[in-house]
Amino acid sequence: MAPSDFTGQVALVTGGGSGIGRATCLQLARDGARVVVTDLNVETARETLSLMPNPEKHLALQMDVTQQSAVQSVITTARDKYGEPPSLLVNAAGILITDPSVDKTGTDVINVNLKGIFLVTQAFTEELLRGNEGAQEGKGVIVNIASIVGKMGHPELKNYAASKGGVIAYSKSCAAEMARKGIRVNCVLPGLVKTALSKRLSEEQFQAFIDKTPPGRYGKTEEIAEVIVFLLSRRSSFMVGACVEISGGAGM
Ligand SMILES: NC(=O)c1ccc[n+]([C@@H]2O[C@H](COP(=O)([O-])OP(=O)(O)OC[C@H]3O[C@@H](n4cnc5c(N)ncnc54)[C@H](O)[C@@H]3O)[C@@H](O)[C@H]2O)c1
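Residues numbered from 1 in each chain as written. Predicted model: local features only at pLDDT ≥ 70, side-chain atom pairs only at ≥ 80, totals over all residues. Heavy atoms only, no water.

- As recorded in an unreviewed UniProt entry, the protein chain goes by the name Estradiol 17-beta-dehydrogenase 8, listed as coming from Scylla paramamosain.
- UniProt, in its Sequence similarities (unreviewed entry) section for the protein chain, records the words "Belongs to the short-chain dehydrogenases/reductases (SDR) family."
- According to its UniProt record, the protein chain has this under Pathway (unreviewed entry): "Lipid metabolism; fatty acid biosynthesis." (UniProt positions renumbered as here; feature names shortened; annotations may be inferred.)

**A few points about the site of the ligand**
Right, so step 1: Around the ligand, a shell composed of 27 residues is seen, among which Ser18, Ile20, Asp39, Tyr160 and Thr195 lie nearest.
Right, so step 2: Backbone polar atom of Val65 to a nitrogen atom of the ligand: 3.0 Å apart, as the coordinates give it.
Right, so step 3: Those elements that provide at least two residues to the shell around the ligand are helix H1 (19–30) and helix H6 (158–178).
Right, so step 4: Its residues assigned to classes, the shell around the ligand shows 16 nonpolar, eight polar and three charged. (Near = heavy atom within 4 Å. Polar contact = N/O pair within 3.5 Å; in protein donor to acceptor, adjacent residues only side chain to side chain. Helix = DSSP H or I, 4+ residues; strand = E, 2+ residues; numbered from the N terminus. Nonpolar A, V, L, I, M, F, W, Y, C, P; charged D, E, K, R; others polar.)

**A word on the nonpolar core**
Right, so step 1: In this structure, Leu12, Val36, Val120, Ile142, Ile183 and Val185 are the most contacted members of the largest nonpolar core, which totals 46 residues.
Right, so step 2: Discounting residues that sit within four places of it in the chain, Ile183 has contacts with Thr125, Leu128, Leu129, Gly140, Val141, Ile142 and Met178. (Core = buried A, V, L, I, M, F, W, Y, C linked by side-chain atoms within 4.5 Å. Buried < 20%, exposed > 50% of the residue type's maximum accessible area, 1.4 Å probe, protein only. Contact = heavy atoms within 4.5 Å.)

**Observations regarding the pattern of salt bridges**
Two side chains bearing opposite charge may form a pair once their charged atoms approach each other closely.
Right, so step 1: For the coordinates displayed, the defined rule picks out 10 salt bridges.
Right, so step 2: The salt bridge partner of Glu43 is Arg46, with a shortest N-O separation of 3.0 Å. Taken together, the residues span about one helical turn, with Glu43 and Arg46 both in helix H2 (residues 42–50) at a distance of three residues.
Right, so step 3: The partner of Asp80 in a salt bridge is Arg79, and the shortest N-O contact between them spans 3.3 Å.
Right, so step 4: The exposure class of Asp80 is exposed, given its relative accessible area of 54%.
Right, so step 5: Its relative accessible area of 27% is what places Arg79 among the partly exposed residues.
Right, so step 6: What emerges from the salt-bridge pattern is a single network uniting Arg79, Asp80, Glu127 and Arg130. (Salt bridge = Lys/Arg side-chain N within 4 Å of Asp/Glu carboxyl O.)

**Let's talk about unusual backbone geometry**
Peptide bonds are trans in most cases, and residues, glycine excluded, mostly fall at negative phi.
Right, so step 1: Although it is not a glycine, Glu156 sits at a positive phi angle of roughly 65 degrees.
Right, so step 2: Within the secondary structure, Glu156 is located in the loop between helix H5 (149–152) and H6.
Right, so step 3: Since its relative accessible area comes to 52%, Glu156 is described here as exposed.

**Here we look at the sheet that holds strand S6 (residues 183–190)**
Right, so step 1: One open sheet holds the seven strands; their spatial order is S3-S2-S1-S4-S5-S6-S7, and the pairing between them is parallel. The open sheet has two free edges, formed respectively by strand S3 (59–62) and strand S7 (243–246), since each of these has just one partner strand. Neighbour-to-neighbour, the strand axes of the sheet open up by a mean angle of 20 degrees, direction not taken into account.
Right, so step 2: Judged from the four bridges that link them, strand S1 (residues 10–14) and strand S4 (residues 88–91) form a sheet pairing that is parallel. When the sheet's bridge partners are listed, Val13 is paired in S4 with Val90.
Right, so step 3: This element, H6, spans strand S5 (140–145), S6 and S7 of the sheet and lies at about 160 degrees to S6. (Pairing = 2+ DSSP bridges. Axes fitted to C-alpha atoms, helices over the stretch in contact; angles between N-to-C directions.)

**A few points about the environment of Val37**
Right, so step 1: When you line up the elements, Val37 lands in strand S2 (residues 34–39).
Right, so step 2: Of the residues examined, Val37 reaches a relative accessible area of 0% and is grouped as buried.
Right, so step 3: As a C-alpha pair, Val37 and Leu61 span 24 residues in sequence and 6.3 Å in three-dimensional space.
Right, so step 4: Among residues more than four places away in sequence, those in contact with Val37 are Val13, Gly16, Gly17, Cys25, Ala45, Thr48, Leu49, Met52, Leu59, Ala60 and Leu61.

**A word on the side chain of Thr48**
Right, so step 1: Among the secondary structure elements, Thr48 is positioned in helix H2.
Right, so step 2: Other than its neighbours up to four places away in sequence, Thr48 contacts Gly16, Gly17, Arg22, Cys25, Leu26 and Val37.

**Some words on the state of the cysteines**
Right, so step 1: Within the structure shown, the criterion is met by zero disulfides.
Right, so step 2: The thiol of Cys25 is unpaired, and the distance to the nearest cysteine sulfur, on Cys187, comes to 19 Å.
Right, so step 3: This cysteine, Cys174, is not joined by any disulfide, and Cys187 carries the nearest cysteine sulfur, 10 Å off. (Disulfide = S-S within 2.5 Å.)

**Topic: the pairing of S4**
Right, so step 1: By the alternation rule, side chains of S4 split into Leu88 and Val90 and Leu89 and Asn91, which are all buried.
Right, so step 2: Two strands pair when backbone bridges link them, and S4 and S5 are joined in this way by four bridges, in the parallel orientation. Each bridged residue has a counterpart across the sheet, and for Asn91 the counterpart in S5 is Asn144.

Structural data, given as structure tokens:
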């Protein structure tokens, strides 16, 4: 089996209807995985599916990562369709709110970016380990999308930065706890990537970020997805709790 051949494996991707999540779904499908594309917006999840070579092999489902019952229902649907639970998980769903008056307490951002990852990770690991607790390397792999802003901090993005700092700490803690149960956990710290999310930045904020990025450009969604797929694959089998910066050098 080629190292990044996911044939026979089921992958669950949150936020798979757009941006980095969509690019990850497409690369997973390219490499043989059966992909459960989930998003708050099911229409965009279906669009992602329609871009795949064999759409009938995959699933597009509505899932709000902040709703425990919705998360559980998706995991059950995936297990019922494929006869096994997903063994690969990419937590890509995320929001960014630049106007502090809209989300004064940061609750919305923390709910999606951090609590959402708790809920999906809990449901995914419970299902994967059910009746199958013995150590077995390669049982499951999780990649969480944090942000370089979670390491650097950023003016006017305090809530977002705090949520992503939380994702980094949560990923390392899960990595330490789950490694001996056969589940590898890592996270990625993208820099600026042009997506619906980064369109929420003002033109000045967008340009200021590019100025901080040594090559002087933003990243492409595919450039982030390639690293995520590497971290999901056996090629990274000894990477545990790593926080991989894919930022064009911003925040290094
Ligand atoms: N674009 C960037 O510059 C950048 C940089 C660093 C990190 N990130 C992170 O990458 C991840 C993907 O973001 P993107 O840039 O591709 O943005 P995007 O807006 O293109 O995609 C995010 C997806 O998440 C979905 N989503 C939002 N709330 C949800 C919820 N409650 N439940 C389920 N899905 C929900 C959206 O519908 C959307 O499809 C996010 O976690 C983001 O914070 C992005």
